[in-house]
Amino acid sequence: MFTVGQELTQHNAMQVIAAGKAAILAGECEFDFSGLSQLDSSAVAAMIAWQRDLLVKSQQITCLHVPAGLDSLIRLYGLSAQFVTHTSVHTPERH
């Protein structure tokens, strides 16, 4: 499993994308976003780049512990169907 880290913004996106691509070359397809606390749309761009690399290998990216902010961006850009995401956000029941 590849752990994304605390930040995935325009400031470090190229390094994180490269690290994720190296993990894919090593056989990874699961990405853990549990520590991600700072993000922008670069996080979505990274996911797209990783997904492209995995599709070449006929695999799908699995994104674990996706923070609410990133999940919101994925939905905003209409990419929900493109990614298998598992959020770590608990939504309380409404009565």
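Starting from 1, residues in each chain are numbered consecutively following that chain's sequence as written. With the structure being a predicted model, the display of local features is reserved for residues of pLDDT at least 70 and the display and counting of side-chain atom pairs for 80 or more, all residues being used for whole-chain, interface and lining totals. Note that the side-chain values use all heavy atoms of the structure and ignore hydrogens as well as water.

Chemist: Please explain the pattern of salt bridges as it appears in this structure.
Modeler: Pairing is possible between side chains that carry opposite charge, provided their charged atoms lie close to one another. Every case where a carboxyl oxygen of Asp or Glu lies within 4 Å of a side-chain nitrogen of Lys or Arg is listed as a salt bridge. Evaluation of the coordinates by the stated rule reveals two salt bridges. With a shortest N-O distance of 2.9 Å, Asp53 and Lys21 are connected by a salt bridge. You can see Asp53 sitting in helix H2 (residues 42–56) and its partner Lys21 sitting in helix H1 (residues 13–25), a full 32 residues away along the chain. Taking relative accessible area as the criterion, Asp53 reaches 23% and is therefore assigned partly exposed. The class for Lys21 is partly exposed, based on a relative accessible area of 29%. A salt bridge links Asp71 to Arg75; the nearest nitrogen and oxygen atoms lie 3.3 Å apart. Of this pair, Asp71 and Arg75 both sit in helix H3 (residues 68–76), four residues apart, which is roughly one turn of that helix. Helix numbering and strand numbering both begin at the N terminus, where a helix is a DSSP run of H or I of at least 4 residues and a strand a DSSP run of E of at least 2. Relative accessible area decides the class of each residue, using a 1.4 Å probe on protein chains only: under 20% of the type maximum gives buried, over 50% gives exposed, and in between gives partly exposed.

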